[in-house]
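# Observations on the three-dimensional arrangement
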Amino acid sequence: MKIAVLIKQVPDTEEDRHLGPNGSVDRSASDRVADEITERALEVALKQKDGDKNVEIVVVSMATGHRHRCFA
């Protein structure tokens, strides 16, 4: 069985948020982390894999034009 986990990176909520000149969130002003829903989904997929070694987990993410750190 394959399980797809969708990964979304968001600005770290532990840091201060800054707005850009157009009023949108300045994503470069803080570190990017996985959102809570992503963390839960990955945890559930890993638990499934612990129970059945035939499970394959596929991580899917969309990113903007710059490089993002991989979740490993």
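Right, let's walk through the structure included here.

Scoring rules and cut-offs
Residues numbered from 1 in each chain as written. Predicted model: local features only at pLDDT ≥ 70, side-chain atom pairs only at ≥ 80, totals over all residues. Heavy atoms only, no water. Helix = DSSP H or I, 4+ residues; strand = E, 2+ residues; numbered from the N terminus. Buried < 20%, exposed > 50% of the residue type's maximum accessible area, 1.4 Å probe, protein only. Contact = heavy atoms within 4.5 Å. Areas by Shrake-Rupley, 256 points an atom, 1.4 Å probe, with all protein chains shown as cover. Core = buried A, V, L, I, M, F, W, Y, C linked by side-chain atoms within 4.5 Å. Patch = residues over 30% accessible without salt bridge, like charges linked within 9 Å, V, L, I, M, F, W, Y side chains within 5 Å. Salt bridge = Lys/Arg side-chain N within 4 Å of Asp/Glu carboxyl O. Lys, Arg positive; Asp, Glu negative; His and termini not counted.

With that out of the way, let us pick up the overall build of the protein. For the protein, the helix and strand inventory stands at one helix and four strands. When the helices and strands of the protein are read in sequence order from the N terminus, they spell out β-β-β-α-β. A total of 72 residues make up the protein; the buried ones form 19% of that total. In the protein, the share of contacts with a sequence separation of at least 24, taken over all contacts with a separation of at least 6, comes to 59%. When the accessible surface of the protein is split by element, carbon and sulfur atoms take 53% of a total near 6,000 Å².

Time to look at the nonpolar core. Most often, soluble globular proteins keep nonpolar side chains buried together rather than apart. Counting five residues, the largest nonpolar core consists of I3, V5, I7, A45 and V55. Counting residues per element, this core draws most heavily on strand 1 (residues 2–7), which supplies three residues.

A surface patch of nonpolar side chains, about 240 Å² in accessible area, is lined by L6, V58 and V60. Note on placement: V58 falls in strand 4 (residues 56–61). You can call V58 partly exposed: its relative accessible area is 30%.

Looking at where D35 falls in the secondary structure, it is placed in the loop between strand 3 (32–34) and helix 1 (36–51). K8 provides the closest opposite charge to the buried, salt-bridge-free D35, at an N-O distance of 5.5 Å. Once residues within four sequence positions are removed from consideration, D35 is found in contact with K8 and V10.

One pass over the full model with this rule turns up two salt bridges. Between E36 and R40 there is a salt bridge, with the nearest N and O atoms lying 3.2 Å from each other. Of this pair, E36 and R40 both sit in helix 1, four residues apart, which is roughly one turn of that helix. For R40, a relative accessible area of 53% gives the class exposed. Taking the shortest distance from any N to any O, the salt bridge between E43 and K47 comes out at 3.5 Å. With E43 and K47 both in helix 1 and four residues apart, this pair spans about one turn of that helix. Accessibility expressed as a relative area gives 44% for E43, which makes it partly exposed. K47 sits in the exposed class, given a relative accessible area of 54%.

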